[in-house]
Structures are given as structure tokens and as C-alpha cells.
Amino acid sequence: MRYYFSAQLHFNTPLHIGAGLSDDFTDLPVYRNANSQLLIPGSSLAGVLRGQATRLAPRLGFEPCKALYARGKNDDEKGRPCGCQVCKLFGDINPVDNESTLAKYSAAASKVWIYDAVMKNSSGVPMVRDHVGIQRQTGTANRAAVARFDQEVISQGAIFILKLQWSGLDDNQGILLASTLAEWLENNGRGNLGGGGSRGLGSFSLLYPSLKGWDFNEPEHLMAYLENDDPWDAKYIGSNEEKAGGKAREWLEDKLKKGRQNIVASNYPLSSSESLAKFINNSILSSCWVSFDFTLQAEGPFLTNDLAQQALTGFDHAPLMGGIFNAGGPVLPGSSLRGAMRSQAEKILRTLSSYRAGNEKEPGQCFLDHCPACDPLIRGDEDGKSMNIPLESCDSLLTRNGIKTEIEPEDGDLCLACQLFGSPRWGSRLRVEDASLVPNTYPNYKALDFLAIDRFTGGGFGGAKFDALALWKPAFQVRILMENPQRWELGLLALVLRDLEEDMIPVGFGASKGFGKVKANNWKVTIDFLSDKDIPFESDNLSRLSNIRGVGLYRRTILTEKGALAGNEIWNELCQEWLKDFQTEWQSFVRSNKVRNTCDSYFGTELEELYPLQTVMGGEKNE
């Protein structure tokens, strides 16, 4: 029996599948085939499916894949075929040929064929987005080359057709495949493809699944199959498209039901491979998702600048749109909100570290040893000539110390900000998606003129005149997701979200001119978890939650809905737990010698003499 599965991938945010090389048009163009057709390569889809299956398999009671081994370890089995359920489903990670010295080991080929996903009609169009970093000292845009680039994306609303084919799956492999596909279903909404996922790109949902099984031993099936070049669209014998869709949902639910019965705790037993325990970190396995949905309400003019809209509108500054010619309406890019959140998190971490250093005999050295937040945009020369740079990024320090990017960071190699928000050496598990306007609301625009003052005459300075087309009091529907969060990470994130709720984090263009003043409200906090041991809080609090229900392979609880975070009793109690873990984490953090700065912009400078720490912090030393 051969099965053909199809579905539609509906992208809620723009998509970037990179071509790998820059061109004259943009720094990061999207992938096209030889006919210049936009599509998602089957290899990209297979990689995401396999990665998710690899993290899920041990939680379903299956042997962990060797892909989970820490780098540089398991040398005794290097190159040997794996033979786990993931490798049996998608092909072995260590294939061998007959002439190899490892030919005595069997390596399976993939049982699932994953085809290129082509776009349905012209549902998405390519467009170019600009990105710029935030200067930490001034809060303005950093115009340095390292902090500025552009990339081509396929606009939000694009629809691609997913096509899979498989045969010969046993029950366990069917459970694993269904559990992996279920992560993409609309009610889960955790699908993500392509580059820039943590900055809001590539979010999608799987809709309208269809499953057809063709038995070529049956003449009618064989003839129907041969009469159509596309077996996914061929008329299904004895059924119709609606029933084919029903068969897909029935198959998914049947396999998910069995999968839920197989769920094991996050500290699962490693069965016959107890020796793998030292190679595998449980934290990378699927366990928990925390999502924050809220409304971000601007209290005045708001603008995220876009060069393409500048050219189309004639204004010097114009808002970013979801598509070309205003298609999709105004959007708040996830990269803009994420950048503002990271900048605020860094301020919190450095403030706490400075406060701690003030109680030490050598405050400057204490700050350099324990500072938990670098500046990701500050880089030195690889040859080591540019030394003594305050807050130099962790990646730059590691590079100057000869640590290659393919070497996995050790404890203390990355600051806490890089661990949460990511670095070139560490992918972030925090995703801030692009935000569209709240449903059933319409944008209001205001044209604003600006003119600098001539300091000599006191009048207008003609050469410094510009204008802007700004949104007036827009409200965006924001979604933030975090996979497998540690408690200290939720503690730091809770502090940042509190500041966002209390109107303390400006977003977008022109904060010094009164733009970007925003406030978060109408919160919905959702936690999805596989087992009780996976919840990111004390299990005693689980009994207080009465709205737990099954969603796909996971169980779901909603902590708050349509209210303020600060006034929610359960949320406040959980935050106290997370903040204790965060306090323990930042107080115990010590930088490794590889990423230890040698100077600071405050400690050991004239600023420390002019503005003593106790004066800046307001009062006596903290005991």
C-alpha cells in the first residue's frame, strides 16, 4: 500500500528560504528554481520534519537518535549507522556503502518522500525588508555595517502545497510521523520554516490535510493511478475529496492517541543505551511550549520604517506593510519588537550586575567577571589588534580566542542575554512573530513634517527638513513563543514583559520624538506540556488549573485570558517562582576566561568618579 499525503501550508508571517548567495538586488535573496519559480525545497521541509521527530522520539519511548549526541563525543561509534526510529523513517544519518569498512552494519533509506512545495497561485509576492540594530548607549539605530542588512522575503499570506509519499511504515513509525505533522496543525500553530524564525519569519499552519492510499494490487487503483500524473489529485476510488480529508484526520488522531499513551517523562530511561546519558542533554528534547498572545497598543504616532514604502509613497519615512502596494496592511516586524525586548533585558541584567559589584571590594573586576549581558553589535578584530572594548559580544571574544563557530559553547562562554535571545553560536528558542493589526481595525495615518532648528539664528534650518507618514495609535496583535524554557529564562522574560505592560519599552522609529510609546494589554498566556514533569513550575500548582485539555500530542492550560498580567493571581505566584530561579542564575553566573572583558565603559573610568555607584543606584550599599 502506498500513501499520498497533501495539505496546504498557510504562512501567517513572511517566509525566507535563503538562496545561499547575495546578489545585486539584496543581501539575502530567496530560493528559486531554474525557472525562477518560488518554492520551498523538499530538503528544507525534510530537515524541519526530521529535527522535530528527533526531539520527539525519546519522549515517545523510542531510542534516541545519534544526532542528539554532543559534538566531539561518542567517538567510539563514529560513522556507524544509527538504526533508531527516526533514521528508519527519514533515512540513516550515517549511510554506508558496500565498500565501506562499516558495510557490516545496515543503514536504512528513507521511507518518506518529501517533495518541493510549490506556491498555490500567486498567494505571495517577493519583497525586500531592511534590518538595523539598536545602539545600546543611545537607543538609536546603529548604522554600522555589522548591524544593518536587507533580505528578500515572500509576503505573508502565501500558501504552499505540501506533498508527502510513504509506504512500509510500521505502527511506531506512523506514530512518530503523525506526531511530527501534528505540530504544524492549525490548533497548535507552532510550524516554522526558513531563516529568521526567531525574528518573526516563517510562521505557518497546516490546513486541509488529505490522505489517499493506493493499493496497486487492485486493478481499479492501478488504472486510476496510471491515468493521472498527479496521484495526490487523482480521483480516489470509492471516496471523494471530503472523505480523503476525513481519512487524513482519522489517521492523525488514531496515531496521536497511541502516541499520547507512549509519552514518558522528560528524564526518560535510556533503555539499552544507558551509556548515552553522558552524551545527551534532556533540555533539547521536546517537553514544553509557552506562548504569550497580547495586544500592543500605541499611545500616539508609531512607525517602523521601510525603504520600499518610502519610494512608493514619496515620504522620507513610511511604515512597513505586509505586502507590496499596501497589501496585508501595516505590520510590526518581529525583529523590531525582539530587538527592543533584548535591549531592555540587557539593561536589567547589567543593572543587577552593577548593583552587585557595588558591594564588592573591587567592583570593576567583579563586574567584568560576572557581567551577564554583552552588546551583540560590538565586535573586535579577529587579529586581536582591537582590544579593550567594553561589552564586546560573546561571539567576537570567542572568535578572537580561536574558538571556531562549529565548536559547541561551554558553560560561561555565552552571557545570559545570548542564551535567551541567541547569538551566531547559539540558536534562540524564543520566537517573536510579525504582528498585524488587531482584527476588524483599520489603520489611521498622519503626515508629519520635521524641521531642525538653526542653533545660530534660532530659525528653521532648511537643509534639515524631512517628513514621515506615521500610524496613529495602531493596535497590533502580538504572539511570542518559547520552546522548552528554563525557569530563569521565564523569570527574565517576565521582567521584560512587565516593562512592556507598564509602557517602559519604546518600539520602532523616533522614540526621542515621541514615537513608539506602546503598552501591552489583553494577555493570553498558554502552556503546552507533554507530561506533568515538563511544566515550568512546581507541580503542586497544577492542581489549581482546571482548564487542562489535550491538543495534539500535548496537554494545554491557559493561565490568563483577556486581562492584565499584573492582576492575575496564578501568574503572579508563578512569576515569584521564576524570579527566584532567575536571581539564582544571574548571581551564580561567571564568565569563562574566553569571554571575559578587560575593561568597562563605567568602572575604572572618570564616570565612576563623577557619578559614584551608590549615587546612581540611589542610596547606601545593598546588604
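Residues numbered from 1 in each chain as written. Predicted model: local features only at pLDDT ≥ 70, side-chain atom pairs only at ≥ 80, totals over all residues. Heavy atoms only, no water.

## Describing the overall build of the chain
Note the cut-off: Numbering of helices and strands starts at the N terminus; helices are DSSP runs of H or I of at least 4 residues and strands are runs of E of at least 2. Working definition: with a 1.4 Å probe on protein chains only, accessible area under 20% of the residue-type maximum means buried, over 50% means exposed, and in between means partly exposed. Each accessible area value is a Shrake-Rupley result obtained with a 1.4 Å probe; residue values ignore everything except the protein chains displayed when judging cover.
Counting its secondary structure elements, the chain contains 14 helices and 21 strands. Counting the 623 residues in the chain, one finds 51% classified as buried. By element, 49% of the accessible surface of the chain is carried by carbon and sulfur atoms, the whole surface being about 29400 Å².

## Structural notes on the packing of helix 7 (residues 334-357) against helix 11 (residues 487-501)
Here is the rule we go by: For every element, the axis is a line fit to its C-alpha atoms; helices are fit only across the contacting stretch, and the angle between N-to-C directions ranges from 0 to 180 degrees. Roughly parallel means an angle under 35 degrees; roughly antiparallel means over 145; roughly perpendicular covers 65 to 115; every other angle is labelled oblique. Rotating anticlockwise by less than a right angle from the far helix to the near helix defines a left-handed crossing, while the corresponding clockwise rotation defines a right-handed one. Residues are treated as being in contact if the distance between any of their heavy atoms lies within 4.5 Å. Note on residue classes: Ala, Val, Leu, Ile, Met, Phe, Trp, Tyr, Cys and Pro are nonpolar, Asp, Glu, Lys and Arg are charged, and everything else, Gly too, is polar.
Contact geometry for helix 7 and helix 11: axes closest at 10 Å, N-to-C directions at 115 degrees. Comparing their axes, helix 11 and helix 7 come out roughly perpendicular. In the packing of helix 7 onto helix 11, the handedness of the crossing is right-handed. Contacts between helix 7 and helix 11 pair Leu337, Met341, Gln344, Ala345, Ile348 and Leu349 from the former with Leu492, Leu493, Leu495, Val496, Leu497, Asp499 and Leu500 from the latter. Classifying every residue of the contact of helix 7 with helix 11 gives 11 nonpolar, one polar and one charged.

## Examining the side chain of threonine 557
Note that threonine 557 resides in strand 21 (residues 554-563). Judged by its relative accessible area of 1%, threonine 557 is buried. Not counting the four nearest positions on each side in its chain, threonine 557 is found in contact with Val525, Thr526, Ile527, Phe529, Leu545, Asn547 and Ile548.

## Here's the deal with the packing of helix 7 against helix 12 (residues 569-588)
Their axes nearest at 11 Å, the elements helix 7 and helix 12 cross at an angle of 65 degrees. The way helix 7 lies across helix 12 gives a crossing that is right-handed. Counted together, Leu349, Leu352, Ser353 and Arg356 of helix 7 and Phe582, Trp586 and Gln587 of helix 12 form the full contact between these two elements. Class assignment of the residues belonging to the contact of helix 7 with helix 12 gives a composition of four nonpolar, two polar and one charged.

## Concerning unusual backbone geometry
Negative phi characterises most residues that are not glycine, and trans characterises most peptide bonds. The backbone phi angle of lysine 473 is positive, close to 50 degrees, even though this residue is not glycine. With respect to the helices and strands, lysine 473 occurs in the loop between strand 17 (460-472) and strand 18 (475-483). Of note, aspartate 503 is a non-glycine position whose phi angle comes to about 65 degrees, a positive value. Within the secondary structure layout, aspartate 503 lies in the loop between helix 11 and strand 19 (518-529).

## Observations regarding the packing of aromatic side chains
What describes a pair of aromatic rings is the distance from one ring centre to the other and the angle between the planes of the rings. For the record, the criterion: Stacked, edge-to-face and tilted are the three classes for Phe, Tyr and Trp ring pairs, Trp counted by its six-membered ring, which pair at centre distances within 6.5 Å; planes under 30 degrees apart are stacked, over 60 edge-to-face, the rest tilted.
If you walk through the whole model with that rule in mind, you get 17 aromatic pairs. Aromatic side chains phenylalanine 292 and tryptophan 571 sit 6.0 Å apart centroid to centroid with 85 degrees between the ring planes, which places their arrangement in the edge-to-face category. Within this pair, whereas phenylalanine 292 is found in strand 11 (residues 288-298), its partner tryptophan 571 is found in helix 12, the two being separated by 279 residues in sequence. Taken as a pair, phenylalanine 292 and tryptophan 571 share a single burial class, namely buried. Measuring from ring centre to ring centre gives 4.8 Å for phenylalanine 450 and phenylalanine 466, while their planes differ by 15 degrees; the resulting arrangement is stacked. Of this pair, phenylalanine 450 sits in strand 16 (residues 445-453) while phenylalanine 466 is found in strand 17, placing the two residues 16 residues apart along the sequence.

## Some words on the pairing of strand 21
What counts here: In this analysis, strands are considered paired if DSSP registers two or more bridges between them.
Two strands pair when backbone bridges link them, and strand 19 and strand 21 are joined in this way by seven bridges, in the antiparallel orientation. The partner of threonine 526 across the bridge, within strand 21, is isoleucine 558. Relative to strand 21, strand 20 (residues 549-551) runs antiparallel, the two being bridged by three bridges. What sits directly across from valine 551, in strand 21, is tyrosine 554. Linkage of strand 20 to strand 21, two consecutive antiparallel strands, is achieved through a turn of two residues, within which glycine 552 is found at a positive phi near 65 degrees.

## Remarks on helix 11
Basically, it comes down to this: Helix span, expected: 1.5 Å multiplied by one less than the number of residues in the helix.
If you check helix 11, its first and last C-alpha atoms are 21 Å apart, about what 15 residues at 1.5 Å a residue would give, namely 21 Å. Here helix 11 lies mainly inside the structure; 13 of its 15 residues are buried. In the stretch just after helix 11, aspartate 503 is the one whose phi turns positive, near 65 degrees.

## Structural notes on the confidence of the model for the chain
Under the convention used in this document: As a per-residue measure, pLDDT tells how confident the predictor is, with possible values from 0 to 100.
Mean pLDDT for the chain: 83, with 85% of residues reaching 70 or above. Ignoring residues within four places in sequence, the model shows residues 269-279, a span with pLDDT below 50, making 15 contacts including any to other chains.

## Re the environment of lysine 446
Structurally, lysine 446 is set in strand 16. Classification of lysine 446 by relative accessible area gives partly exposed; the value is 36%. C-alpha of lysine 446 to C-alpha of leucine 471: the two residues are 25 residues apart in sequence and 6.3 Å apart in space. Among all residues touching lysine 446, those that are not within four sequence positions of it are Ala468, Leu469, Ala470 and Trp472.

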